Structure formats: C-alpha cells, structure tokens
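Structural overview for review
Now for the letters of each chain:
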Amino acid sequence: GENVEQHPSTLSVQEGDSAVIKCTYSDSASNYFPWYKQELGKGPQLIIDIRSNVGEKKDQRIAVTLNKTAKHFSLHITETQPEDSAVYFCAASKGNYGQNFVFGPGTRLSVLP
Amino acid sequence: DVKVTQSSRYLVKRTGEKVFLECVQDMDHENMFWYRQDPGLGLRLIYFSYDVKMKEKGDIPEGYSVSREKKERFSLILESASTNQTSMYLCASSWQGSKQYFGPGTRLTVT
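Below: a short report on this structure. (Residues numbered from 1 in each chain as written. Chains lettered and ligands numbered in written order. Predicted model: local features only at pLDDT ≥ 70, side-chain atom pairs only at ≥ 80, totals over all residues. Heavy atoms only, no water.)

The subject of this paragraph is the pairing of strand S2 (residues 10-14) of chain A. All names here are of chain A. Of the two faces of S2, the one holding Leu 11 and Val 13 is buried and the one holding Thr 10, Ser 12 and Gln 14 is not buried anywhere. Where S2 lies against strand S11 (residues 107-112), five bridges are found, and the strand directions are parallel. Residue pairing across strands places Ser 12 opposite Ser 110, the latter belonging to S11. (Buried < 20%, exposed > 50% of the residue type's maximum accessible area, 1.4 Å probe, protein only. Helix = DSSP H or I, 4+ residues; strand = E, 2+ residues; numbered from the N terminus. Pairing = 2+ DSSP bridges.)

Here's what the structure looks like:
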C-alpha cells in the first residue's frame, strides 16, 4: 500500500524566514496531495492541495510543489509568522471517496519571534 | 463554513466499558471518516462510510465498529475499551473525491 514519509519531524525558524517541509510517497497512482495544519487543541485544517496534473500551486505565503517522477512534494511557507507555528501533515490519495488518504507523521513547526 | 462537530472533547473511560463517539456534519457530505491520531504515527484511518448504512474498514479497524443511520451522523463504537485505545480520535467528512474537513477531536483516555 501507500507509504508517506515526511521530513523534518521538527523545524524551528526565525520569524520572517522561509520554511520547507518535504514528503515522499510510494504509490505512483496517487493523484491528490493535500497539506493540513493542526493547531494545539484543534482538528487538522486544509491549507493547500495539489493534484497530479499540476506541478506547483501558490496561495499567498504558501506554495506546494509536486515532482511526480521522483514521487515527492513539498510545502513552502515564506515570511513566516508566529501564528504559523503548528503541526503540518501531508497526505497522498488516489481513491474516489478519499478512503485512500495516507498521512505523513507530521512536522512540528516553531516560528521564533 | 463546513462544520464538523464531535460529541466530547475529553473522555475518560474504564477498561471493558463500551464507548460511543459521535460525529455530526452539516454540509450534506456523502463521505465520513474516523481516524485516530498518535504521536509520531500521524493519522490512521479506522473506518469510513460513503453513504447511509454503508461502511468500509480502514487500516486499523480491530476493536472498533461504526454506525451511520443518518447521512449527517457517524458514530464510532469501542465495544470493550482497552488501554491501547487511549488516543485522539478525529472525525472528518467530504464530498466524493474532495478535501476532508475535520472535527476538533476527542481525546479518549482508557484507564
């Protein structure tokens, strides 16, 4: 089955710097790659997603890139702010119903003021 | 805004008790999911449902069952709670093939 790895497990950056989180997946049939942000005491919230027919997607300070050949995708956050501090999860999916969502183990991002 | 609610934020139960976790969504989503979240393991799918009275096993269904009698409600049942079921439980819903919306989670402790 699908296996999703995520690195690093923890990341500390200074406010204003950029942060990059990388994920790799194993199943070449996966075609949907969402990123979720989970703040303390809350459920995960979708922040950006990308489908396999697109190489890059950007939404303000957040961007995701996908390399299908290498089977990896990355989350880029620019001009980080303290409120970006959270746990970030990547996922890979190929199912019509979403049942094949496989999540990475998560990255704890700390933005230091 | 999509709203997914879970019946309890914190729950403490004893070993052997029957436990019900309830989830309700208000967006008429076909699909609903139950995950458990453990440190270092990410989110693991327990069960999902793509229609009323329909259910499919996820990656870790052992020790759990589910019920979906109405479209908006999806229940997770621990028939006989055990200490290794102490975890954070997350419910999610989605339209077919689309993004999943999560509830706030229920932190269950089994003593």
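Read on, since the account is not over.
Residues and elements named next belong to chain A. Residue placement: Pro 34 occurs in strand S4 (residues 32-38). Given the relative accessible area of 0%, Pro 34 is considered buried. Between the C-alpha atoms of Pro 34 and Ser 12, which are 22 residues apart in sequence, the distance is 22 Å. Setting aside residues up to four positions removed in sequence, Pro 34 forms contacts with Leu 46, Ile 48, Asp 49, Phe 89, Cys 90, Ala 91 and Phe 101. (Contact = heavy atoms within 4.5 Å.)

Next up on the list: the pattern of salt bridges. Considering all chains together, one arrives at eleven salt bridges over all chains under this definition. Here Asp 27 of chain A makes a salt bridge to Lys 94 of chain A, at a shortest N to O gap of 2.6 Å. Pair noted here: Asp 27 of chain A is in the loop between strand S3 (19-25) and S4 and Lys 94 of chain A is in the loop between strand S9 (86-92) and strand S10 (102-103), with a separation of 67 residues, a long-range link. Residue Asp 38 of chain B is joined to Arg 44 of chain B by a salt bridge in which the shortest nitrogen-to-oxygen separation is 2.8 Å. (Salt bridge = Lys/Arg side-chain N within 4 Å of Asp/Glu carboxyl O.)

The subject of this paragraph is the nonpolar core. Counting 23 residues, the largest nonpolar core has Trp 35, Phe 73, Leu 75 and Leu 109 of chain A as its most contacted members. At the level of secondary structure, the elements contributing two or more residues to this core comprise S2, S3, S4, strand S5 (45-51), strand S7 (62-67), strand S8 (72-77), S9 and S11 of chain A. The next biggest cluster of nonpolar side chains, apart from the first, holds 20 residues, and it includes Trp 34, Tyr 47, Tyr 89 and Leu 108 of chain B. (Core = buried A, V, L, I, M, F, W, Y, C linked by side-chain atoms within 4.5 Å.)

Taken as a whole and assessed by the stated rule, the structure comprises two disulfides over all chains. One disulfide bridge connects Cys 23 of chain A with Cys 90 of chain A, the sulfur atoms lying 1.9 Å from each other. Here Cys 23 of chain A and Cys 90 of chain A share a disulfide; its torsion about the S-S bond, -100 degrees, makes the bridge left-handed. Residue Cys 23 of chain A is found in strand S3, and its partner Cys 90 of chain A is found in strand S9; the two are separated by 67 residues along the sequence. The buried category is assigned to Cys 23 of chain A, whose relative accessible area is 0%. There is a disulfide in this structure between Cys 23 of chain B and Cys 91 of chain B, and the S-S distance comes to 1.8 Å. A torsion of -75 degrees about the S-S bond marks the disulfide between Cys 23 of chain B and Cys 91 of chain B as left-handed. Pair noted here: Cys 23 of chain B is in strand S3 (residues 19-25) and Cys 91 of chain B is in strand S9 (residues 87-94), with a separation of 68 residues, a long-range link. Using a relative accessible area of 0% as the deciding quantity, one classes Cys 91 of chain B as buried. (Disulfide = S-S within 2.5 Å.)

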